[in-house]
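Structure assessment
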Amino acid sequence: MYNEKVMEVFKNPQHMGEVENYNAIGTVGNEVCGDIMRITMRINPDGVIEDAKFKTFGCAAAVASSSTATGMIIGKTIDEALKITNKQVITELEGLPPQKIHCSVLAEDAIRAAIDYYEKNKKN
Ligand code: FES
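Worth saying up front: this structure is predicted, and the values here are computed from it rather than measured. (Residues numbered from 1 in each chain as written. Predicted model: local features only at pLDDT ≥ 70, side-chain atom pairs only at ≥ 80, totals over all residues. Heavy atoms only, no water.)

1. Digging into the overall build of the protein
Rule in force here: Under the DSSP-based scheme used, a helix requires at least four consecutive residues in state H or I and a strand at least two consecutive residues in state E, with every element numbered from the N terminus. For the exposure calls, accessible area comes from a 1.4 Å probe over protein chains only, and a residue counts as buried if that area is under 20% of its type's maximum, exposed if over 50%, partly exposed in between. Contacts were defined at the residue level, with two residues in contact if any of their heavy atoms lie within 4.5 Å. Each accessible area value is a Shrake-Rupley result obtained with a 1.4 Å probe; residue values ignore everything except the protein chains displayed when judging cover. Note that His is not counted, nor are the chain ends; the positive residues are Lys and Arg, and the negative ones are Asp and Glu. Just so you know, the charge point we use is NZ for Lys, CZ for Arg, CG for Asp and CD for Glu.
The number of helices and strands found in the protein is 5 helices and 3 strands. Each helix (α) and strand (β) of the protein, taken in turn from the N terminus, gives the series α-β-β-β-α-α-α-α. Dimensions along the principal axes, computed over C-alpha positions, put the protein at roughly 45 × 25 × 25 Å. Within the protein, the proportion of its 124 residues that are buried is 44%. Taking all contacts inside the protein whose residues are at least 6 apart in sequence as the whole, residues at least 24 apart take part in 61%. Summing over all exposed atoms, the protein offers an accessible surface of approximately 6700 Å²; the carbon and sulfur share of this is 49%. Of the side-chain charges in the protein, 14 are positive and 17 negative, and the distance between the mean point of each set is 2 Å.

2. Focus: the side chain of Asp35
The test is simple: Should a side-chain nitrogen of Lys or Arg be within 4 Å of a carboxyl oxygen of Asp or Glu, the pair is scored as a salt bridge. Counting of polar contacts relies on pairs of N or O atoms within 3.5 Å, with two restrictions inside protein: one atom must be capable of donating a hydrogen and the other of accepting it, and residues adjacent in sequence are counted only when both atoms are side-chain atoms.
With respect to the helices, strands and loops of the structure, Asp35 is situated in the loop between strand S1 (24–29) and strand S2 (36–43). Lacking a salt bridge, the buried Asp35 has Lys100 as its closest oppositely charged neighbour, with an N-O distance of 5.9 Å. There is a polar contact of 3.4 Å between the side chain of Asp35 and the backbone nitrogen of Cys59. Residues contacting Asp35, with those up to four places away along its chain left out, are Val28, Gly29, Asn30, Phe57, Gly58, Cys59 and Leu106.

3. Description of a negative patch on the surface
Selection criterion: Put simply, a patch holds well-exposed residues, over 30% relative accessible area, that have no salt bridge, with like charges counted together within 9 Å and Val, Leu, Ile, Met, Phe, Trp or Tyr side chains within 5 Å.
On the surface, a cluster of negative charge is made up of Glu4, Glu8, Glu92 and Glu94. With respect to the secondary-structure elements, Glu8 resides in helix H1 (residues 4–11).

4. With respect to the packing of H1 against helix H2 (residues 60–73)
Where we set the bar: Lines fitted to the C-alpha atoms define the axes, with helices restricted to the stretch that makes contact. Angles between their N-to-C directions range from 0 to 180 degrees. An angle below 35 degrees is treated as roughly parallel, one above 145 as roughly antiparallel, one from 65 to 115 as roughly perpendicular, and anything else as oblique. Each residue gets one label: Ala, Val, Leu, Ile, Met, Phe, Trp, Tyr, Cys and Pro are nonpolar, Asp, Glu, Lys and Arg are charged, and the others, such as Gly, are polar.
At a minimum axis separation of 8 Å, H1 and H2 run at an interaxial angle of 80°. With respect to each other, H1 and H2 are oriented roughly perpendicular. The residues of H2 that touch H1, namely those facing Val6, Val9 and Phe10, are Ala60, Val63, Ala64, Ser67 and Thr68. Tallied by class, residues from the contact of H1 with H2 come to 6 nonpolar, 2 polar and no charged.

Note that all results are geometric; they support no functional claim without further evidence.
And the structure:
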């Protein structure tokens, strides 16, 4: 079902775990499949994402999507990270089967949820 790129990322995921001293956390789930994804980040005072990691309780596409998405946001500003879409994640993965598109949406949603948490909790 999956292409080679997706299988490669799934077997060797990067950025797995939880960022130490994170100040952004987003947990999202998909009601239909029941999969859950959590992304933690450390965002510096300049609004740059210094580190990002994920924990995913889900399918291979969800693991590959979260690994890819976290890799795409490290070193980016919050504004840049918010512009990353699930379509870009899919392009990076060289495609996902139609019934697995929602797995990449989970990654986009988790990034947004984490940044939302940061914005609400940051000390001015
Ligand atoms: Fe639900 Fe992939 S099947 S995240």
